[in-house]
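Report on the structure
As a plain string of letters, each chain reads:
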Amino acid sequence: MDVRIAYASETGRAEALAWRCRSWLRLRNVTTSDPVPLDALTSESTTTIIFAATAGDGAPPSNGKKFWSTLLRKGAPRLDGKRYALYGLGDARYGAKFNAFARRLDARLAQLGAARLCERSLGDACTVEGAESLLPGFFARLSPALGISESLEASLQGRVGDEAPDRVEDYAPPVTIKMVDEGSTIQAYERRLLAKEGCASIAQATLSTTQRLTDENWWQEVRHVVFSASVTYAPGDVAVLVPRNAPRHVQAVLRALQKNDRTISLQTPVTSSLVNGTVEDVLSTCLDLATPLPQRSL
């Protein structure tokens, strides 16, 4: 049996869980390939595990909109004979919109004839454990549905897939970096991000204050955020933030990297799938160091 893994992810969390699922399956000798965006899922896939986040006001993430539109068409193809399992990622503070896309996707897949491998899980990001807290239970239900033997599960002693695997081929981080001799293009990288939002200029700013406006018991957190910056704007303008990691976080990651390679410095030239530049560019701008994602490594 060949199992496919797909994700609909806006911030990368659902994608990260999809990669953990890949490791979980391979540890159990289940044939699978690298996770793909939901929009890249093909009709040949008969057994699929989906990790779906919810973006905006209950909408699908950008890499799942095409797939969702196809399912909503009047002449949408029947999915009889297809099997799926669904793990949703949401935030209960959004009330009725909690995991809205995952719930709608689950209902539509079943309506078109696809069979559930197991009961879905709807992770909540505002819990102490985070949206991935339900993953062990999800995998426990998925295991017998995929025909994984109880003896194999017992021998693995509950390994979920976020631990270091026994075989190096079971681990393939989504972000890879290699050394090159090229100049920095970090400004071009940021300008590409802003161009997607229709922004014409970049202004440097420092966070001055942040104050919660809604009551602590209210489900939605609304804040008044003040930045120290000299900019002009008109009613209706939208500001797009391109944050950078704190220098202390950059230094902490650099010290960890230097344990394996003492020649690495902040000025070491690198290239990645995100940007060509230096180690400092990548650590400062491209990776979320304050809340690191599983299997997102250098």
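About the cut-offs
- Residues numbered from 1 in each chain as written.
- Predicted model: local features only at pLDDT ≥ 70, side-chain atom pairs only at ≥ 80, totals over all residues.
- Heavy atoms only, no water.
- Axes fitted to C-alpha atoms, helices over the stretch in contact; angles between N-to-C directions.
- Helix = DSSP H or I, 4+ residues; strand = E, 2+ residues; numbered from the N terminus.
- Parallel < 35°, antiparallel > 145°, perpendicular 65-115°, else oblique.
- Left-handed = near helix turned anticlockwise from the far one by under 90°.
- Contact = heavy atoms within 4.5 Å.
- Nonpolar A, V, L, I, M, F, W, Y, C, P; charged D, E, K, R; others polar.
- Phe/Tyr/Trp six-rings, centres within 6.5 Å; stacked < 30°, edge-to-face > 60°.
- Buried < 20%, exposed > 50% of the residue type's maximum accessible area, 1.4 Å probe, protein only.
- Lys, Arg positive; Asp, Glu negative; His and termini not counted.
- Salt bridge = Lys/Arg side-chain N within 4 Å of Asp/Glu carboxyl O.
- Polar contact = N/O pair within 3.5 Å; in protein donor to acceptor, adjacent residues only side chain to side chain.
- Core = buried A, V, L, I, M, F, W, Y, C linked by side-chain atoms within 4.5 Å.

**With respect to the packing of helix α7 (residues 247-258) against helix α8 (residues 279-286)**
α8 packs onto α7 with a crossing angle of 130 degrees between their chain directions and a minimal axis gap of 10 Å. Relative to α8, α7 is oriented oblique. Read as a crossing pair, α7 and α8 show a hand that is right-handed. On α8, the residues that touch Val250, Val253 and Leu254 of α7 are Val279, Leu283 and Ser284. Classifying every residue of the contact of α7 with α8 by side-chain character gives five nonpolar, one polar and no charged.

**What to know about the packing of aromatic side chains**
Inspection of the entire model under this criterion finds six aromatic pairs. Between the aromatic rings of tyrosine 87 and phenylalanine 138, the centroid separation amounts to 5.3 Å while the plane-to-plane angle is 80 degrees, which identifies the pairing as edge-to-face. Here phenylalanine 138 lies in helix α4 (residues 135-145) and tyrosine 87 lies in strand β5 (residues 83-90), a separation of 51 residues in the sequence. There is no split in this pair, since tyrosine 87 and phenylalanine 138 are both buried. A connected cluster of aromatic rings, assembled from ring pairs, spans Trp24, Phe51, Tyr87, Phe138 and Phe139.

**Examining the side chain of aspartate 124**
Along the chain, aspartate 124 turns up in strand β7 (residues 121-124). Here aspartate 124 occupies a buried position and makes no salt bridge, while the nearest side chain of opposite charge, arginine 93, is found at 6.5 Å. Of the polar contacts made by the side chain of aspartate 124, one reaches the backbone nitrogen of alanine 92; its length is 2.9 Å. Setting aside its immediate chain neighbours within four residues, aspartate 124 contacts Gly90, Asp91, Ala92, Phe98, Gly130 and Ala131.

**Thoughts on the nonpolar core**
Side chains of nonpolar character tend, in soluble globular proteins, to be buried together. In terms of nonpolar packing, the biggest core is built from 26 residues, with Leu25, Ile49, Phe51, Phe138, Leu142 and Leu146 touching the most fellow members. Residue assignment for this core shows that the elements contributing at least two residues are β1 (2-8), α1 (13-27), β4 (47-53), β5 and α4. Top element by residues in this core is α1. It accounts for six residues. Look past the residues within four positions of leucine 146 in its chain and what remains in contact with it is Met1, Val3, Trp24, Leu25, Thr47, Ile49 and Leu117.

**Points about the pattern of salt bridges**
One pass over the full model with this rule turns up seven salt bridges. Between glutamate 132 and arginine 13 there is a salt bridge whose closest N-O contact spans 3.8 Å. Here the residue glutamate 132 occupies a position in the loop between β7 and α4, and arginine 13 occupies one in helix α1, the gap between them amounting to 119 residues. According to the relative accessible area criterion, arginine 13 is partly exposed, its value standing at 22%. For arginine 22, the salt bridge goes to aspartate 34, with nearest N and O atoms at 2.8 Å.

**Focus: the packing of α1 against α4**
The interhelical angle for the contact between α1 and α4, taken along N-to-C directions, is 45 degrees, at an axis separation of 12 Å. The angle between the axes of α1 and α4 places the two elements in the oblique class. At the point where α1 passes α4, the crossing takes the right-handed sense. Contacts between α1 and α4 pair Leu17, Arg20, Cys21 and Trp24 from the former with Leu135, Phe139, Leu142 and Ser143 from the latter. Partitioned by chemical class, the residues of the contact of α1 with α4 number six nonpolar, one polar and one charged.

**What to know about unusual backbone geometry**
Located in the positive-phi region is asparagine 29, a residue other than glycine, with phi close to 60 degrees. Take asparagine 29: it is sitting in the loop between α1 and β2 (31-32). When its relative accessible area of 60% is taken as the criterion, asparagine 29 is described as exposed. Phi is positive for asparagine 99, which is not a glycine, with a value near 50 degrees. Summarising the element assignment, asparagine 99 is placed in the loop between β5 and α3 (100-111). Judged by relative accessible area, which is 0%, asparagine 99 ranks as buried.

**As for the environment of leucine 135**
You can see leucine 135 is positioned in helix α4. What makes leucine 135 buried here is its relative accessible area of 0%. In this structure the C-alpha to C-alpha distance between leucine 135 and arginine 20, which are 115 residues apart in sequence, comes to 9.7 Å. Ignoring sequence-local partners within four residues, the contact set of leucine 135 consists of Leu17, Arg20, Phe51, Tyr87 and Val160.

Don't take any of this as a statement about function, it's just geometry.
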